[in-house]
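# Overview (structure and organization)
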Amino acid sequence: MTATPIRPTTRSAGFGGTVAAEWTKLWSVRSTWWTLLAAVLVTAATAGQLAIYAANANTNDDPADDRGIVTVGSIVIGSMELTQYAVLALGLLVVTSEFTSGTIRTTLQCTPSRGRVLLAKAVVTAAVTFPFGLLLGGVGTLVAGPVLGEWGSAPVAGTLRDLLAVSAYLALVGVLALGLGAALRSAVLSLIVLVATLMIVPLSLQEPDITLLNRIADGFPGVAGGHFMAGDTEPYRAAWGLLLLAGWAVAALVLGRAALRRRDA
């Protein structure tokens, strides 16, 4: 009688076991901690710089650039333009580091379902980046408030709404990065595509200030997320911005799952 080879599997543990495994892997590498630290430092530096600009605009000799009282939340939202790239790096590292090291083979042997693996990674990414976004928002608030001084305002309800919006935005762009990383398998290539999608292409479309091109740009994830965080009502309501961004994140996951099923690890 020929013995049947035994494969390692987490099927018996279910989806929760897969999530637990991904959670452990994420926190067991130094790059996670360095990336989170970088995000905190970038948020503090950017929020402080934006607050200085806002305060100086109100006190210089040129009345044309006076901004008046600005909310601390708006400064925090503005700082996400740079901070988001540290979060994108985290989302990419969740999956691309496994392709680089070859450990993705072990992961897929333990959990043969590509969809389950990718969904577990998405859950872990969102579970880390959402509360971390609240922490970053708190750091930005603590830095920007004193710098703005009399030119700053921090209404409790409005500031809390801004911090929650920042957290939701970072969670979704983190999942977007994860899905794209699974599809492209290269951290460098994925980051280039993300920078182009979030910033370069929309800015290029907006530069001529043509209505049609502006409307197209409004459909890109970075612009949609910006409308959501700012609570805009034009060109669409903030909720639509959130839905557009979520749609991009889901589309990236679908693309990543298709790539995992089509190609061997």
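All residue numbers here refer to positions counted from 1 along the written sequence of the relevant chain. Local features in this predicted model are restricted to residues of pLDDT 70 or higher, and side-chain atom pairs are both shown and tallied only at a pLDDT of 80 or more, whereas totals for entire chains, interfaces and linings draw on every residue. Heavy atoms throughout the structure, all of them, feed into the side-chain values; hydrogens and water do not.

### Digging into the packing of aromatic side chains
The condition is simple: Each aromatic pair joins two rings of Phe, Tyr and Trp (for Trp, the six-membered one) with centres within 6.5 Å, and gets the label stacked for planes under 30 degrees apart, edge-to-face for over 60, and tilted for any other angle. For the exposure calls, accessible area comes from a 1.4 Å probe over protein chains only, and a residue counts as buried if that area is under 20% of its type's maximum, exposed if over 50%, partly exposed in between. Over a ring means this: the NZ of a Lys or the CZ of an Arg is within 6 Å of the ring centre and within 35 degrees of the ring normal.
Summed over all chains, the structure comprises three aromatic pairs. Judged by centre distance (4.9 Å) and plane angle (50 degrees), the ring pair of Trp27 and Trp33 falls under tilted. Given a relative accessible area of 24%, Trp27 falls into the partly exposed group. Among the aromatic residues, those joined into a cluster by ring pairs are Trp23, Trp27 and Trp33. Against the face of Phe228 rests Arg161, its NZ or CZ located 5.7 Å from the ring centre.

### Quick look at the layout of surface pockets
Cut-off, in case you're wondering: Cavities and pockets were defined on a 1 Å grid built over protein atoms only: a cavity is a set of grid points that admits a 1.4 Å probe from which the probe cannot escape, a pocket is an open set flanked by protein on both sides within 12 Å along at least five of seven lines, and lining residues are those with an atom within 4 Å of any such point. Grid points are joined across faces, edges and corners, and a volume is the space filled by probe spheres set on the points. Helix numbering and strand numbering both begin at the N terminus, where a helix is a DSSP run of H or I of at least 4 residues and a strand a DSSP run of E of at least 2. Polar here means any residue outside two lists: the nonpolar Ala, Val, Leu, Ile, Met, Phe, Trp, Tyr, Cys and Pro, and the charged Asp, Glu, Lys and Arg; Gly therefore counts as polar.
What the largest pocket holds in volume is close to 400 Å³. Around the largest pocket, the lining comprises 18 residues; the ones closest to its centre are Glu81, Gln84, Gly222, Val223 and Gly226. Listed by contribution, the elements that provide at least two residues to the lining of the largest pocket are α3 (72-101), α7 (187-206) and α9 (221-230). With seven residues, the top contributor of residues to the lining of the largest pocket is α3. Here the residues of the lining of the largest pocket are counted per class, giving ten nonpolar, seven polar and one charged. Roughly 270 Å³ of internal volume is contained in the second largest pocket. Looking at the lining of the second largest pocket, the elements that each hand over two or more residues are α1 (14-27), α2 (30-59), α3 and α4 (104-110). With six residues, α3 is the single largest residue contributor to the lining of the second largest pocket. A per-class count over the lining of the second largest pocket returns five nonpolar, eight polar and four charged.

### Here's the deal with the confidence of the model for the chain
It should be kept in mind that the predicted coordinates are not to be read in detail where pLDDT is low. Put simply, the test is: As a per-residue quantity, pLDDT reports the predictor's confidence and falls between 0 and 100. We call two residues contacting when some pair of their heavy atoms lies within 4.5 Å.
Taken over all residues, the pLDDT of the chain has a mean of 91, while the share at 70 or more is 94%. Every residue in residues 1-12 is under pLDDT 50, and counting partners more than four places away or in other chains gives eleven contacts.

### Regarding the packing of helix α5 (residues 114-148) against helix α10 (residues 238-262)
Basically, it comes down to this: Axis lines are fitted through C-alpha atoms, for helices just across the contact stretch, and the angle between N-to-C directions can take any value from 0 to 180 degrees. Should the near helix be turned anticlockwise from the far one by less than a right angle, the crossing is left-handed, and should it be turned clockwise, the crossing is right-handed.
Running from N to C, α5 and α10 cross one another at 140 degrees; their axes reach a closest spacing of 9 Å. Between α5 and α10 lies a crossing of right-handed hand. Every residue of α10 that contacts α5 at Arg114, Gly115, Leu118 and Ala122 is listed here: Leu253, Gly256, Arg257, Leu260 and Arg261. Its residues placed into classes, the contact of α5 with α10 shows four nonpolar, two polar and three charged.

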